[in-house]
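Geometric and topological summary
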Amino acid sequence: MASSHSGLRVRFAPSPTGMFHVGNARSLLYNWVLAKQSGGTLVLRIEDTDAERSKPEWVRGILDAMAWLGCGPEEYEGPLFQSAYVQHHRDAIDKLLAAGRAYYCDCTREQVMVRTGSEHKGYDGFCRDRGLTAAPGRAVRFRTPDEGQTVVKDLVRGEPTFDNATIEDFVIARGDGSPVFLLANVVDDMVMGITHVIRAEEHLPNAPKQQLLWVALGHEPPVWAHAPILVNEKRQKLSKRRDRVALEDFRAEGYLAETMRNYLMLLGWAPSGNREILPWEDIVAEFRLSDVNPSPAFFDVKKLRSFNGDYIRAMSVEEFASACQPWLRGDSTPWQADHYDEAVFASVAPFAQTRVALLGEIVSMVDFLFLPEPPSDEAAWNKAMAGEASSLLADVLAAFHTVTWNAEALKQTVEELGKVRGLKLGKAQAPVRVAITGRTVGLPLFESLEVLGRERTTSRIRTALARLGG
C-alpha cells in the first residue's frame, strides 16, 4: 500500500450524488491554491462507492463546475474513482484483522441498546474478544485504544485532542463485506500519496478515527486542516434542502466565475490591507491555511451579488457584451432568434453594464428592443398610466413625428411637455417608458428611444393610446 508519489499532494474528493455545493467549491479552491503555491499536485478523486446515488451526469457536473471555476483538467491529476480501489480497501481490512487491530462483530443495534440501556451510547466492545470469524452478516470493527489521547494536528484549529476512551470501536466493513467511508477514504489517501487533507469542519469528528487507521496501517498521518462550516443568515449550517447552495444555479443566474472564486476564498480567510475584491493571482500568493478563522463563515448571498456587480462593472464593454451572449441567444430567450441584433445590443451595452448585478438580468433590461411589442406588466401600467398620461402621450406622439431623433432632443421634448403640466422629467417620462419598454425602470429612456428608432417608438405610443382609449 506504500505510495510512490512525492511532494505535496492534496485531494478534492466529491461524491457524484447531486448538484455541486458551494461548500465543495470552497474546499476545492483551498486545496487548489495550496497545490499552486507549493508546486504540488491536486488529485481529483470521485467517491462513487454509493452505487444507488452516484450518477454519471453528476460526475460530468463536477468536472464542468471545476472547469467553470478555472480548475480544468490541466490543473489536477485524475479523475480517479474510489470504486477502482476496492481491492486496496479489502487488503487493508485483512491487514488490520491479521494484526489484531480489527475483529468481526455480529451485534445488532438493538442488542447494543439493550446492553447499554441507551440509544445514544456507542458500541460497548462486546465482540472484541469473542474470536468470531468471517460469516455472512458480520461486520468488521476497528479496535480503538482504551487509554491515551489522539491529537489531530490541524493547521486551522491547532491541536484538537480526543480521549481514546470516548472513541468507540467503529465499523470499517459492513456485514456484506463492503468497506465503509472512513476506511475507504483513508486507504485511498494512502495509495494516492496524499500529504495534506483540507476539508470542511463537519469532517473533524472523523479525524481521530482516521488518524488511528493511518497509524494502524503503518503510515504517517497527513497534515490536517478543517475549514469553517458555511452558515446562512440565521447562522444555520447551509442546507441544500433549505438554502441556495448549488453552484450550477448561481452560474445560471449570471454570477461570474471570478466573483465566485474571490468570494468563496474569503469565507474563513481575509487578505491583507482590508481588501475584499482582489485578483486571483494575489489570492494565490497571499492565502495561508494558518490564517483561516475556524469560526463559522456566513455565506451572504446579498454580498455575493454586490461583488458580482462590482466585477461586472470592472469589465470592458466588449467583455461584458461577450459574457451576456449566452442569455441573449438560444431557445430560452423571450424573443425569436432572428429578432436579436448584436449591433443594437452593443449600442446599449454600456448603459446596461452599470445597471445589472447578474448577467441573467440583461434579458429583462433589453427585451423591449427585440420583442415585437413591449412586455406586459400590469402593475407598471397602472402606476404610470394614471392622471394626464393619455394627453401627455398624445402630445409626445405628435412631437416625436418631427423631432430630431437623438437622445438629447427626445429628452428636451418630453421635459417641455411635462413642464406644461407641472411635471418634472421623472414623472413626465414615466408613461413614455412604460409604453415603450413595458417597465417603470430600466435603461436610460432617451438613449433607448434613439436606438429603437422613430417608427417602432411611435407605433408603441399609438398602441398605448389605443389601450387608454385615447
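Everything in this summary refers to the structure shown in the same document. (Residues numbered from 1 in each chain as written. Predicted model: local features only at pLDDT ≥ 70, side-chain atom pairs only at ≥ 80, totals over all residues. Heavy atoms only, no water.)

Helix and strand counts for the protein stand at 19 helices and 12 strands. Counting all 470 residues of the protein, 49% fall into the buried class. Carbon and sulfur atoms make up 50% of the accessible area of the protein, which amounts to about 22100 Å² in all. (Helix = DSSP H or I, 4+ residues; strand = E, 2+ residues; numbered from the N terminus. Buried < 20%, exposed > 50% of the residue type's maximum accessible area, 1.4 Å probe, protein only. Areas by Shrake-Rupley, 256 points an atom, 1.4 Å probe, with all protein chains shown as cover.)

Looking now at the pairing of strand β9 (residues 196–200). Within β9, 5 of the 5 residues are buried, which leaves the element mostly enclosed by the surrounding structure. Sheet topology note: the β9/strand β10 (residues 223–227) ladder contains 5 bridges and is parallel. Across the sheet, residue Arg199 finds its bridge partner in β10, namely His226. Once the chain exits β9 it traverses helix α6 (residues 207–216) before rejoining the sheet at β10, and the crossover so formed is right-handed. (Pairing = 2+ DSSP bridges. Right-handed = clockwise from strand over helix to strand, strands pointing away.)

Below, the discussion takes up the environment of Arg329. Position of Arg329 among the secondary structure elements: in the loop between α11 (317–328) and α12 (342–353). Judged by relative accessible area, Arg329 falls into the partly exposed class, the value being 41%. When the C-alpha positions of Arg329 and Glu342 are compared, they lie 9.9 Å apart, and in sequence the two are 13 residues distant. In contact with Arg329, not counting residues within four places along its chain, are Tyr340 and Glu342. (Contact = heavy atoms within 4.5 Å.)

Let us look at helix α3 (residues 86–98). Compared with the 18 Å implied by 1.5 Å per residue over 13 residues, the 18 Å span of α3 between its first and last C-alpha is a close match. Listed as buried for α3 are His89, Ala92, Ile93 and Leu96. One side of α3 carries all its buried residues, which in axial view fall inside an arc of 100°. In this structure, the buried side of α3 is in contact with β4 (102–105), β5 (139–142), β8 (171–173), α5 (181–191) and α6. Of the residues one or two after α3, Gly100 is the one with positive phi, at around 75°. (Expected span 1.5 Å × (residues − 1). Arc of directions from axis to C-beta.)

Summed over the entire model, instances satisfying the criterion amount to 26 salt bridges. Linking Arg275 and Asp282 is a salt bridge whose minimum nitrogen-to-oxygen distance equals 3.4 Å. For Asp282, a relative accessible area of 28% translates into the label partly exposed. For Arg305, the salt bridge is made with Glu361, and the minimal N-O distance between the two is 2.4 Å. Highlighted residues: Arg305 in helix α10 (residues 301–313) and Glu361 in the loop between α12 and α13 (362–370), separated in sequence by 56 residues. Salt bridges sharing common partners tie together Arg11, Arg45, Glu47, Asp188 and Asp189. (Salt bridge = Lys/Arg side-chain N within 4 Å of Asp/Glu carboxyl O.)

Owing to its 3.6 residues per turn, the α-helix aligns residues three or four sequence positions apart on the same side. Between its terminal C-alpha atoms helix α15 (residues 389–400) stretches 16 Å, which fits the 16 Å expected from 12 residues at 1.5 Å a residue. All buried positions along α15 are accounted for by Ala389, Leu392, Leu393, Val396, Leu397 and Phe400. One side of α15 holds all its buried residues, which, seen down the axis, span an arc of 135°. Here the buried face of α15 lies against α14 (378–384), α16 (407–420), α17 (425–437), α18 (445–452) and α19 (454–468).

So, about the sheet that holds β8. Spatially, the 3 strands line up as an open sheet ordered β4-β5-β8, and their pairing is antiparallel. Each having just a single partner strand, β4 and β8 make up the two edges of the open sheet. In this sheet, neighbouring strand axes are inclined to one another by 45° on average, regardless of whether the strands run parallel or antiparallel. Of the strand pairs in this sheet, β4 and β5 are connected by 4 bridges, and their pairing is antiparallel. Looking at β5, one finds that Tyr103 is bridged to Arg141. Across the sheet, α3 lies against β4, β5 and β8, angled at about 100° from β4, the strand it touches most. (Axes fitted to C-alpha atoms, helices over the stretch in contact; angles between N-to-C directions.)

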